[in-house]
Amino acid sequence: MGSGPAPAGAVGTATDTGGDALLGRADECRRLGALLADAVDGHGGALVLRGAAGVGKTALLEHCAARSTGMRVLRATGAPFTARRLLADRVAVVFAARDAPAFPAPGLPELPLTGLVRDDAIRLAMRAGLDRRVAADLAAATAGNPLALTELPATLSEEHRNGWLPLREPLVLVERIEMTVLAHARGLPDDTWRALVACAVTEATTPALLERILAADGLRLGVLDPAVDAGLIRVTDREVTFRHPLTRAAVHSVAGPGRRRAAHLAVAAALTGDDTADRRAWHLAAATTVPDEGVAALLAGSAERAQRRGGVVAEARAYERSARLTPDPDVRASRLAAASRAWANAGASRHAITLGEEAIGLTRRADLRCRVKPLLAHLAQQHGDTAAAEAYLADAQAYARADPLGAARLMSARVNQFWARLDVTGMVPLCARVAELAAADAGATWPKGPIRLAAAQVLAGLPEGVASARTLVAACAGHADGSAAELAEVFCWLGDHDTARALLEPEIDRARATDDVFLLAYALPRLAGLEWRTGRLHAAYQAAAEAVRIAEQVALPVLRAEALAALALVEALLGEEPEALAHVEDARRLLPGEFREIEVRLRYATGIAAVVGARWHDAVTELERVRRAQGDGGIAEPGWLPVAAELAEAYAHLSDPQRSARRLRDLADTGGAAARAAAARVEGLLAGEPDLDEVFAAALARCDPAVVPLERARTLLSYGQRLRRARRRRDARVQLHAALRLFEALGAQGWARRCRTEIDATGRRPPEPGDRTVDRLTGQERLIALHVAEGLTNREIAARVFLSPKTVEYHLGNVYRKLRLRSRPELIRHLSGPPAAG
C-alpha cells in the first residue's frame, strides 16, 4: 500500500467502538477496508482522500496502514500517470491530497473529506478537556476540523475551557495549524496579502463593499485572484468568503497588529450607513490603542442595541471593550459594571466578578458601588463563598443617607444569606428595613424590596403579607429582574395558582426574548413548582429539566443544585425514584453547607418519593425533618413545602390516627384547593367503614379535576383502597380504574403502579401499562417530545436543549417509534390532550 505526502503528525482521534473506527469516520473506514480486502483478493485499486488541511487525512492513512495485516506498507510521494495500471495487481494505493490547489487524479475514485459532523466534533473536543458548550462553539468555529479540535483546547485559558468566557473571535491558532492551513499561501504577492488581511478582519462581505475597502489602500478586487487560485478564498457575485474558517483565523493571526489596525481603519471608513453602526464601532475599536471617549461611546451604543435585541454576549463584549477605551474613571466604572452584569447573564460569572471588582476599585460613587456589589455578592454566594458575599454587603447601611435605593438593593442582597440559612425570623426585620429605604427614594420604582417583605411576612404567618402581595402584582409589570417570579412563588404558597401563572409566564417570555439566562435559571424552577402543584407533571418536568440544562451552562453550583432539587421532586411525583434520588445526590455534592433551604427541598423530594412508593416509615422520617426545619426557621406558612397533608396521610396508613389528626390541624387555616382536597382525602382514610361513601363523596367534591387532577386521582386511589379492605371489591375496582386512568394521563406512573397492585388484589387482572406512555422515553427524548407539544420547531428545540437540530431530529425519530406515532401533529395531540376526569 502506498500513500501520498501527509501533514506532519497524525490527528490523535480516539476510537469510538473498540478501535474499529475513528470517531465520526465509520463510512470512510469501511470504504478503506473494502479497498484493502479487494487487494488481498487480487483486485488492486486506488483511492484519493481529498480534503482541507487538518481534516483527518493522515489519521485515515494511519488507520488504513494499521489494518493492512499481511501486507507490505510503503509511504512515498505520489505521482499521477501510475494508480490506474494496478487493477490486476495485489496493490492498494491511497492518496492524501488537499482539496485546493487541485491534485489531478482523473479516472481514480475519490473520497472527499469534510469536517466532522457537529456531535462527533463536540465529543472530540470534549475529550480534549472542554466544557460541552465550549466544545460546541469550537466545533462551529473550526467547521469540525479534527486537527484544530485536538490541538487548540490545550492553548485555551481555564476561563475559556470551562465556558466562563466565550472563545475569542477569530480563533488564535497555534503555529503548527497556521503553517498547515497556509501551506499554499507562501509566495503570494504583497498586494494579495494586504487584501487577504482586509478580508480577514471584515469576515464575510460583498464584492462592492470590499472594492471600497481595498480602494482606500490603492488596491482592486483582482489582487485576490492568486488567493483564489491557491484555494484560500472564494469570490462570487454576491459574497467574498474564506474557504474555511481556520484560513481566516490563520491570515488574521500572521498579519501582525500594525497591518490589522490599518485594515480595520479602512473597513470602518467604508461602513457609513446607519445599519452598519455596530460593525463600524467595532472596527474603530480594533484600530484604537489608547483611550478614546468617542470610540468608547460608539461601542456603548452598540452594547445598548445588543441588549434590546437580546444579544447578551455581544452586549457584554461591547461594554467591556468600551470600558477599556474610556478615559474617565467613573464612566469607565459604570461601563465595567454594565459589562459585569452582561457577562453574568451570559454565564461567565468568574469574569463578571473580576470586572465588578475592578469597577468598585475605580470609583467612590455610591450609586455605582451599590449597583455592582449586590451582583458580586450574589455570584459569590452562588459559588458557595458566603464570607465574600457578606464582605460585599457589610457597608450597606453606610449608603443609606447618600443613596437610599442603592442601600436598599445592598440590604436586599443580604436577604439571600438569611434565606439560604432558612432563617425567616431574621429575614422579616431586614426586609422591613429594605422596604423602608426603597420607599425613601420618592422617584424609585423598585418592587423587589416590598415583594421580599411580603414574602417574608407570608412565610412567617403574618396576615399583612397576603394583602401586600396582592397590591404588588401590578408593580411587577415591565421589570425583568426576577420580581415577578419571586412574587409568583408567594402566590404558589398561598394556592393562588392563576395569579402565579399570570406573573411567571410573561417573565419567562421576557427572559427568552433577551436571552437572560440568569432570569431563566431563576424563574424556571418556580414554574416547575407551579406546574406540579397544579398536577401538570409533564410541564413541570419540562421546566425543571430546562432549568438544569441552563444552570449547567451558567456554571454556578448553587443554581444548579436548586434546579436539580426541582427536577428531583418532579421525578419523585412521576414515580421515577432512581432518577430522583440520583439527582438528589448530585445536588448534595454541589451544595455548600450553608444552604439549608435547598437541603430541605432535597429532603422533601426524597420524602415524596417514599410517599409515591408507599414506604410510609421512610416518608415520615424525611418529611418530619422537613417539618422541623420549617419550624426552626420560623416558617408558619404550610404551603411553602406542603408537608402537613403528606404526613397526615403517612400516619393514617401507619395506623396512628392521633398524629394524623395533629397534622390535619396544621392545615386548618390553609386556603389552597390542593390542601383542602388533601385534608379531605386523609379524613376519608381515617373514617369508619360505615361512613366511607359519604366522607369520600365529600372529598371528591373538593377535587375539581381541572384544578387539582393529581389530588383527585390520589383520592380515588385512597377510596378504592378503603373499599377493598372493606371487602367491597367491585366498588373498589370502579374507583381504582378511574384513578389509574387519571394517573396515566398525568404521567404519574408510580401511583399508577400502586393502582394496578390494588386492582390485582381485588381478584381481577389489572390493565397493562399503555404502550404510548411518555415514561417509555429517555429523559432527553421526553424533553424533546414535550417541546414539540409546545409547538417549537427542531431548531428552536435545539437552542433550548443545547443540541444540534440533527440530534433533535434523531431523538424525535426514537420518540415516534417508541410511542407508535407517525407525525408531529399526532405527537402534539398525544401530549396535549386533556387528562380524563375519572
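What counts and what doesn't
Residues numbered from 1 in each chain as written. Predicted model: local features only at pLDDT ≥ 70, side-chain atom pairs only at ≥ 80, totals over all residues. Heavy atoms only, no water. Axes fitted to C-alpha atoms, helices over the stretch in contact; angles between N-to-C directions. Helix = DSSP H or I, 4+ residues; strand = E, 2+ residues; numbered from the N terminus. Parallel < 35°, antiparallel > 145°, perpendicular 65-115°, else oblique. Left-handed = near helix turned anticlockwise from the far one by under 90°. Contact = heavy atoms within 4.5 Å. Buried < 20%, exposed > 50% of the residue type's maximum accessible area, 1.4 Å probe, protein only. Core = buried A, V, L, I, M, F, W, Y, C linked by side-chain atoms within 4.5 Å. Phe/Tyr/Trp six-rings, centres within 6.5 Å; stacked < 30°, edge-to-face > 60°. pLDDT = per-residue confidence, 0-100. Disulfide = S-S within 2.5 Å. Salt bridge = Lys/Arg side-chain N within 4 Å of Asp/Glu carboxyl O. Pairing = 2+ DSSP bridges. Nonpolar A, V, L, I, M, F, W, Y, C, P; charged D, E, K, R; others polar. Polar contact = N/O pair within 3.5 Å; in protein donor to acceptor, adjacent residues only side chain to side chain.

**Regarding the packing of helix H17 (residues 349–362) against helix H18 (residues 366–382)**
Between two packed helices, both the angle of their axes relative to each other and the distance between the axes serve to describe the pair. As a packed pair, H17 and H18 sit with axes 10 Å apart at the nearest point and diverge in direction by 150°. Taken together, H17 and H18 sit at an angle that is classed as roughly antiparallel. The two elements H17 and H18 meet at a crossing, and its hand is left-handed. Together, Ser349, Ala352, Ile353, Gly356, Glu357, Ala359 and Ile360 of H17 and Arg369, Val372, Lys373, Leu376 and Leu379 of H18 make up the contact between the two elements.

**A closer look at helix H11 (residues 245–254)**
A large share of H11 lies buried, amounting to seven of its ten residues. Those residues of H11 lying buried are Leu246, Thr247, Arg248, Ala249, Ala250, Val251 and His252. Considering only its buried residues, H11 is in contact with helix H5 (146–151), helix H7 (175–181), helix H8 (190–202), strand E6 (240–242) and helix H12 (257–270). With its phi angle positive at about 90°, Gly256 sits one or two positions after the end of H11.

**Observations regarding the nonpolar core**
Ranked by internal contacts, the top residues of the largest apolar core, which has 202 residues, are Trp343, Tyr604, Trp640, Phe743, Trp751 and Leu827. Among the elements that take part in this core, helix H28 (residues 557–574) stands out by supplying 14 residues, more than any other. Other than its neighbours up to four places away in sequence, Trp751 contacts Leu573, Val611, Val612, Leu710, Arg714, Leu717 and Phe743. Judged by nonpolar contacts, the second largest core, of 58 residues, contains Ala121, Val197, Ile213 and Ala227.

**As for the packing of aromatic side chains**
One pass over the structure, following the stated rule, counts three aromatic pairs. Where Phe696 meets Tyr719, the ring centres are 4.7 Å apart and the plane angle is 10°; that geometry is what we call stacked. Taken together, the residues span a long stretch of sequence, with Phe696 in helix H35 (residues 692–701) and Tyr719 in helix H36 (residues 709–725) at a distance of 23 residues. A residue is classified by how much of its surface remains accessible, and Tyr719, at 9% relative accessible area, is buried.

**Here we look at the confidence of the model for the protein chain**
Within the protein chain, residue pLDDT values average 87, and 93% of them lie at 70 or more. In the model of the protein chain, strand E1 (residues 2–3) stands out as the element of lowest mean pLDDT, 34, in contrast to helix H30 (residues 596–612), which has the highest, 97. Counting interchain partners and residues more than four positions distant, the pLDDT-below-50 stretch residues 834–838 has eleven contacts.

**Comments concerning the state of the cysteines**
Tallying each qualifying case throughout the model produces zero disulfides. Free of any disulfide, Cys29 has its nearest cysteine sulfur in Cys64, 9.1 Å distant. The thiol sulfur of Cys370 is not disulfide-bonded, and the nearest other cysteine sulfur, from Cys431, lies at 17 Å.

**So, the pattern of salt bridges**
A full pass over the atoms with the stated rule returns 57 salt bridges. We note a salt bridge from Glu489 to Arg601, for which the minimum N-O separation is 3.3 Å. Taken together, the positions of Glu489 in helix H24 (residues 483–494) and Arg601 in helix H30 put the pair 112 residues apart, joining distant regions of the chain. Exposure class is identical for Glu489 and Arg601. Each is buried. For Arg728, the salt bridge is made with Asp693, and the minimal N-O distance between the two is 3.1 Å.

**Notes on the pairing of strand E3 (residues 92–98)**
In terms of residue burial, E3 counts as a mostly covered element, since seven of its seven residues are buried. The pairing of strand E2 (residues 45–51) with E3 spans seven bridges and is classified as parallel. When the sheet's bridge partners are listed, Val48 is paired in E3 with Phe95.

**What to know about the packing of H35 against H36**
Running from amino to carboxyl end, H35 crosses H36 at an angle of 175°, the nearest separation of the two axes being 10 Å. With respect to H36, the axis of H35 lies roughly antiparallel. Across the interface between the two elements, Leu692, Asp693, Phe696, Ala699 and Leu700 from H35 touch Arg712, Thr715, Leu716, Ser718, Tyr719, Arg722 and Leu723 from H36. Considered class by class, the residues forming the contact of H35 with H36 number seven nonpolar, two polar and three charged.

**Some points on the side chain of Glu562**
By secondary structure assignment, the location of Glu562 is in helix H28. The exposure class assigned to Glu562 is buried, which follows from its relative accessible area of 14%. Within the structure, the side chain of Glu562 is placed 2.9 Å from the side chain of Arg526, a separation counted as a polar contact. Excluding its chain neighbours within four sequence positions, the residues that come into contact with Glu562 are Arg526 and Ile598.

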